[in-house]
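Examining the three-dimensional arrangement
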Amino acid sequence: MADNRSSEGFGRRLDEHAIDAGAAEPERPDGLVDSGVYVGGVRRASPMSLADTYRCLQQLDDAMAWIGLRRPGREEVASLAAEFQLPDLAVEDAINAHQRPKLERYGDTLFVVLRAARYLDERDAVEFAELHLFLGPGFVITVRHGGTPDLAGVRRRLEAEPEVLALGPEAVLYAVLDRVVDGYAPVVAGLENDIDEIETEVFGGDPNASRRIYELSREVIQFQRAARPLLKVVDALTHGFGRYGTDEELRRRLRDVADHLTQVVERVDGFRHLLQNILTVNATLVSQAQNEEMRSLTAASFEQNEEIKRVSAWAAILFAPTLIGTVYGMNFSHMPELDWRYGYLFAVALMLAVCGALYLLFKRRGWL
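Here's a quick rundown of the structure.

Rules and cut-offs
- Residues numbered from 1 in each chain as written.
- Predicted model: local features only at pLDDT ≥ 70, side-chain atom pairs only at ≥ 80, totals over all residues.
- Heavy atoms only, no water.
- Pairing = 2+ DSSP bridges.
- Helix = DSSP H or I, 4+ residues; strand = E, 2+ residues; numbered from the N terminus.
- Axes fitted to C-alpha atoms, helices over the stretch in contact; angles between N-to-C directions.
- Contact = heavy atoms within 4.5 Å.
- Core = buried A, V, L, I, M, F, W, Y, C linked by side-chain atoms within 4.5 Å.
- Buried < 20%, exposed > 50% of the residue type's maximum accessible area, 1.4 Å probe, protein only.
- Phe/Tyr/Trp six-rings, centres within 6.5 Å; stacked < 30°, edge-to-face > 60°.
- Lys NZ or Arg CZ within 6 Å of the ring centre and 35° of its normal.
- Patch = residues over 30% accessible without salt bridge, like charges linked within 9 Å, V, L, I, M, F, W, Y side chains within 5 Å.
- Areas by Shrake-Rupley, 256 points an atom, 1.4 Å probe, with all protein chains shown as cover.
- Salt bridge = Lys/Arg side-chain N within 4 Å of Asp/Glu carboxyl O.

So, about the sheet that holds strand 5 (residues 109-120). Taking strand neighbours across the sheet as the criterion, the 7 strands line up as 2-1-3-7-6-5-4 in an open arrangement whose pairing is mixed. Two strands in the sheet have a free side with no partner beyond their single neighbour: strand 2 (42-45) and strand 4 (102-106). For this sheet the average axis-to-axis angle between neighbouring strands, irrespective of direction, equals 25 degrees. Across the sheet, helix 7 (residues 169-203) lies against strand 3 (63-70), strand 5, strand 6 (125-136) and strand 7 (139-145), angled at about 25 degrees from strand 5, the strand it touches most.

The next thing to look at is the nonpolar core. Of all hydrophobic cores here, the largest spans 58 residues; its most connected members are Leu114, Leu173, Val176, Leu177, Tyr184 and Phe223. When residues of this core are assigned to their parent elements, the largest contribution, 16 residues, is made by helix 7. In terms of nonpolar packing, the next biggest core, distinct from the first, is built from 27 residues, Leu57, Ala63, Ala94 and Phe139 among them.

Inspection of the entire model under this criterion finds 6 aromatic pairs. Arranged with centres 5.1 Å apart and planes meeting at 80 degrees, the rings of tyrosine 184 and phenylalanine 223 form a pair that is edge-to-face. In this pair, tyrosine 184 sits in helix 7 while phenylalanine 223 sits in helix 8 (residues 209-239), placing the two residues 39 residues apart along the sequence. Judged by relative accessible area, tyrosine 184 falls into the buried class, the value being 0%. Through pairs of rings, three or more aromatic residues link up here, namely Tyr54, Phe84 and Phe139. For arginine 155, the ring lying beneath its charged end belongs to tryptophan 66, and the centroid distance is 4.3 Å.

All right, on to a nonpolar patch on the surface then. Judged by side-chain polarity, Trp340, Tyr342, Tyr344, Leu345, Phe346, Val348, Leu350 and Leu352 come together as a nonpolar surface patch covering roughly 830 Å² of accessible area. Position of leucine 350 among the secondary structure elements: in helix 10 (residues 343-364). Among the residues examined, leucine 350 registers a relative accessible area of 31% and is labelled partly exposed.

Quick look at the structure:
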């Protein structure tokens with residue numbers, strides 16, 4: 001009886017700190033965001049520390065703890081590992097992050113890595129965040145490395161369905177999976193809008209189109225790396241339905257998640273192929289523009305050469321009479337033809353003859 005009274009008193013004391021469904025999350029020490037202890041799908045306590053969570057689990061029968069962490073330190077993770085017998089390799093992954101989506105089983109403990117995504121309208125970019133989950137008998141631990149997804153919303157939604165939350169840690173896993181996959185939909189819409197804009201820029205001759213295609217292709221590839229491996233995670237969970245006796249409601253929810261995820265992956269695969277085609281078209285248009293520019297430069301150079309030829313030809317033609325006039329204009333006493341009666345006519349005739357000969361020569365060569 002004493003133990004029961006102690007348990008009830010402890011539960012009431014922690015209930016005073018319980019989070020209202022519509023309220024903001026309170027400040028917690030270290031990396032702890034929220035901690036709830038549930039019995040039969042109903043929240044019985046909201047411990048303010050990991051130590052309080054451990055004590056509450058020990059004092060409540062058939063209880064499940066859902067511990068939410070964000071960028072925890074090694075001390076917090078080590079405390080959880082010691083309390084719930086978490087595998088060392090998975091703990092190291094949870095601390096270091098930078099993992100691809102995967103699912104691993106370590107005896108009764110399930111370790112899941114997810115990559116959430118969020119489209120940022122103000123930057124026309126995709127932001128990725130990593131999420132790790134540990135699930136075992138009577139506990140769920142979520143470790144976030146980033147600001148998304150909104151697990152507080154997932155918690156509130158599940159708390160509003162105690163009959164689902166009563167199904168245990170798997171219900172939390174499927175709800176988190178559903179939230180992550182639902183978060184992919186705005187990203188797909190944002191990427192699709194970006195691709196439409198890029199198509200307009202490409203055919204509009206925007207010189208920055210190539211750079212934007214490259215940047216968007218990189219985001220699509222990163223999104224593929226987040227979504228496609230998740231298919232294997234969902235498939236592994238599906239194959240474990242019979243072996244682990246998964247409830248039919250959870251099976252239905254996971255099938256719905258799988259359908260949505262498949263649609264996302266197919267659309268993202270299509271985006272990648274479409275961007276490759278757009279990049280090819282852009283390269284072709286750029287090449288055509290460069291060819292047109294080269295043809296224009298060649299034509300301009302040809303016209304310039306023709307002008308130079310004409311100028312050079314007339315300069316040569318006018319140089320001949322200038323030369324002759326210069327020679328006969330020298331004031332020397334002893335020059336041939338100075339006293340010749342027909343000297344002037346001879347000089348003029350010579351000028352005309354030389355100019356005519358040069359004109360015919362340049363005309364025949366196409367310079368004039």
